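Listed below, chain by chain, are the residues.
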Amino acid sequence: KPQNERQRMPVVPQGIERDDFMKALAELRKQLGAEHVEINDKPLRDGWYMEHPNTHDMMTILDEEEFVASAIVYPASTKEVQQIVQWANKHHIPIFPISMGRNLGYGGAAPRVRGSVTLDLGKRMNKILDVSAEDYTCLVEPGVSFYALYEALKQRGLEEHMWIDTPDLGGGSVIGNTVDRGVGYTPYGDHWACHSGLEVVLPTGEVIRTGMGALPGNNTWQAFPYGFGPYSDGIFSQSNFGIVTKMGMTLMPNPGGYESFMYTFPNEEDLSSLIDIIRPLRISNILENVAQVRHVTQAIAARGLPRSTFYPDGAGTIPSSIIHAAAAQTPVGDHTWAYYGMSYGPPHIRAHKLALVDAEFRRIPGARRIDPATLPPDEYFWARDRVARGVPDIHELRWVNWRPNGAHVAFSPVSPIRGRDAMRLFALGKRLHERYGIDFFPAFCVGLREMHLIVEIVFDRADGESKRAALACLRDLVDDAAREGYGEYRTHLVLMDQVAGTYGWNDGALMKFNERLKDALDPNGILAPGRCGIWPRRYRGRGWEM
Ligand code: FAD
């Protein structure tokens, strides 16, 4: 056989003999059908975004064998998910659920514990179970992507009636993105806040429905998220307490018009006044979506050309003179920051809001409004325009080409919408990127009362030195930011223990609480051990943390 067709020796979960593991898999094959249990014994292939692997992280920052599955199983129903969970408990095998596995920048499809069995929920559980044009809601299974939901509205003739909200890339799962508390860019961009109702298989195999879903015969599961009693949904996001098999999502009524706009600002120091100007506009909803303030370096990278085009020498961080020369070819021109936003509603309502924004933004000397009519169809602005009206897209992938074999991991601290915080985080990021010779891609994504600074570190995944520098830089970013009081909203598998450790107030009281929940809900510690830094009892203190 040619080299790339040869089989690899599959890993097995630690603590289990290979023969016992193979026997356990044979048992599962009998239950689910042989074709729905796949051993991971082929060479690991990275593919690309739309044909991504479910065996490992295609953008790995470690050795790709580090976070790798032993096998992948494909349940077709909640009942089969329950069967798999019971099987895992019987054999003490770690399992790791993914909806679609496109969690790139945060670990892709990889499990945290090497040799876990991955539950690829999305392949067979991919139905849109309900769309309500009256309530503006839907009920989906894990395999429903943003693209699929968008197409389904079109097929039902509803795309003019209501909008979905999509992250920058549309190929992810509505459930996967939401349980990881991902974001999109319409006014419904806080996906977790916009979901309503979960169906969850617990680590011991029972199934529950949250909120109104617990009331037999209800017709409000997707309309009222809380139901009665403790609001339990929260413990099923960014955790390892359950497997979500159904989720309700709210959809946005067509606002009756929309208009994207873009401003640029000349100097790095303008960030401070700009953020202070944005805060009251955003909190009062004059700025209506999770808008982005992006640095010019990323605007250049978003064109999809590798950095070697601009900087053939390539040593260290790309000099700002080169960035500014390259920026002359983009709408950002000789400026440093670009603001991308969208105004919603009929023209007279937009005109009022846009006039307020214009007057405020022009308080920054040299602020420039870019006329969209001057921008060619392939310009990045139009990708932002599509995403801000809920049309799935993949243009955003282009900046990953900045490096050969481009991969990335995100650093994403949360801060108030204040100029001085933005400047502190910007200075911190810049200093550490310069220390490690990495180009700095900061984008401030402004929520309602806070903002996430999203810094994408792009590295060459075929180059050990590039990976080591990226990881060292990320580790310093997390620690230095925490020392100044900033914590991440979400993180990559490799940083989960470190980030969880920064949330250590009162002698780690929150993690102790999470561990008590984990031990109560998952006594055998089979579900996604280590995810978000939560280790079950039988793994704790045994050197799994990194
Ligand atoms: P999955 O990989 O299926 O799930 C994510 C994680 O959640 C899993 O690892 C698993 O631990 C857990 N999980 C998934 N399903 C379940 C379940 N049913 N039950 C329990 N746990 C579960 N993300 C954003 O949020 N916003 C962006 O704007 C954005 N832009 C990006 C731009 C680029 C260029 C790239 C490469 C990535 C970007 N991402 C963004 C990150 C990522 O692509 C998306 O968040 C994506 O939607 C996540 O992948 P997924 O939906 O396939 O989730």
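Residues numbered from 1 in each chain as written. Predicted model: local features only at pLDDT ≥ 70, side-chain atom pairs only at ≥ 80, totals over all residues. Heavy atoms only, no water.

1. Thoughts on the pattern of salt bridges
Counted under the stated rule, the structure contains 39 salt bridges. Between Arg294 and Asp168 there is a salt bridge, with its nearest N and O atoms 3.9 Å apart. Residue Arg294 is located in strand β13 (residues 291-295), and its partner Asp168 is located in the loop between β7 (162-163) and α4 (174-179); the two are separated by 126 residues in the primary sequence. A relative accessible area of 4% means that Arg294 is categorised as buried. Taking the relative accessible area as the measure of exposure, Asp168 reaches 12% and is therefore buried. Arg531 serves as the salt-bridge partner of Asp180, at 3.1 Å between the closest nitrogen and oxygen. With Asp180 in the loop between α4 and α5 (191-194) and Arg531 in the segment after α15 (505-521), this residue pair connects regions lying 351 residues apart in the sequence. Among the residues examined, Asp180 registers a relative accessible area of 4% and is labelled buried. (Salt bridge = Lys/Arg side-chain N within 4 Å of Asp/Glu carboxyl O. Helix = DSSP H or I, 4+ residues; strand = E, 2+ residues; numbered from the N terminus. Buried < 20%, exposed > 50% of the residue type's maximum accessible area, 1.4 Å probe, protein only.)

2. Brief notes about the domain arrangement of the chain
Each assigned domain of the chain is listed with its residue range as follows: domain 1 (3-120), domain 2 (128-253), domain 3 (258-492) and domain 4 (503-546). For domain 2 and domain 3, the distance between their C-alpha centroids amounts to 28 Å. Every contact between the two is made by 21 residues of domain 2 and, on the other side, 21 residues of domain 3. Taken together, the two surfaces of domain 2 and domain 3 that pack against each other cover about 1800 Å², and 62% of this comes from carbon and sulfur. Per-residue buried area on domain 2 facing domain 3 is highest for Trp163, Asp168 and Tyr185; these three make up 35% of the total on that side. Asp168 serves as the salt-bridge partner of Arg384, at 2.8 Å between the closest nitrogen and oxygen. Applying the counting criterion to the domain 2 and domain 3 interface returns 7 residue pairs in polar contact (both at pLDDT 80 or more). (Domains from an automatic or database assignment. Contact = heavy atoms within 4.5 Å. Buried area = accessible area lost by both parts, 1.4 Å probe. Polar contact = N/O pair within 3.5 Å; in protein donor to acceptor, adjacent residues only side chain to side chain.)

3. A short note on empty space enclosed by the protein
Any empty space left between atoms is shown by rolling a water-sized probe over those atoms. Taken as a whole and judged by the stated rule, the model has 5 cavities of 30 Å³ or more. Considered as a void within the structure, the second largest cavity measures approximately 90 Å³ in volume. When contributions to the lining of the second largest cavity are tallied by element, the ones reaching two or more residues are α3 (146-155) and β10 (243-250). Tallied by class, residues from the lining of the second largest cavity come to 10 nonpolar, 1 polar and 1 charged. (1 Å grid on protein atoms, 1.4 Å probe; cavity = no way out; pocket = protein on both sides within 12 Å on 5 of 7 lines; lining within 4 Å. Points joined across faces, edges and corners; volume = space filled by probe spheres on them. Nonpolar A, V, L, I, M, F, W, Y, C, P; charged D, E, K, R; others polar.)

4. Quick word on the sheet that holds strand β8 (residues 195-201)
If you trace the 5 strands from one edge of the open sheet to the other, you get β5-β6-β10-β8-β9, paired in antiparallel fashion. The open sheet has two free edges, formed respectively by β5 (128-132) and β9 (207-209), since each of these has just one partner strand. With strand direction ignored, the average angle separating the axes of adjacent strands in the sheet is 10 degrees. Note: β5 against strand β6 (residues 137-140), 4 bridges, orientation antiparallel. Its bridge partner being in β6, Ser132 is matched across the sheet by Thr137. (Pairing = 2+ DSSP bridges. Axes fitted to C-alpha atoms, helices over the stretch in contact; angles between N-to-C directions.)

5. Some details on the environment of Gly108
Assignment of secondary structure puts Gly108 in the loop between β3 (95-98) and β4 (117-120). Assessed through its relative accessible area of 8%, Gly108 is described here as buried. For the pair formed by Gly108 and Thr210, sequence separation is 102 residues and the distance between their alpha carbons is 27 Å. In this view, Gly108 contacts Asp57, Gly101 and Asn103; residues no more than four positions away in its chain are not counted.

6. Brief notes about the nonpolar core
Formed by 118 residues in total, the largest nonpolar core has its most connected members in Trp87, Ile95, Ile278, Tyr339 and Phe361. With 8 residues, the top contributor of residues to this core is helix α13 (residues 464-483). Ignoring sequence-local partners within four residues, the contact set of Tyr339 consists of Phe261, Met262, Tyr263, Phe265, Ile278, Leu287, Ala291, Gln292, Val293 and Phe361. (Core = buried A, V, L, I, M, F, W, Y, C linked by side-chain atoms within 4.5 Å.)

7. Let's talk about the packing of aromatic side chains
The final tally for this structure, using the stated rule, is 20 aromatic pairs. Each member of the aromatic cluster is reached from another via a ring pair, and the members are Phe261, Tyr263, Phe265, Tyr339 and Phe361. In this structure, Arg102 packs its charged tip against the face of Tyr49, placed 5.1 Å from the ring centre. Taking the ring centre of Tyr185 as reference, the NZ or CZ of Arg384 above it sits at 4.8 Å. (Phe/Tyr/Trp six-rings, centres within 6.5 Å; stacked < 30°, edge-to-face > 60°. Lys NZ or Arg CZ within 6 Å of the ring centre and 35° of its normal.)

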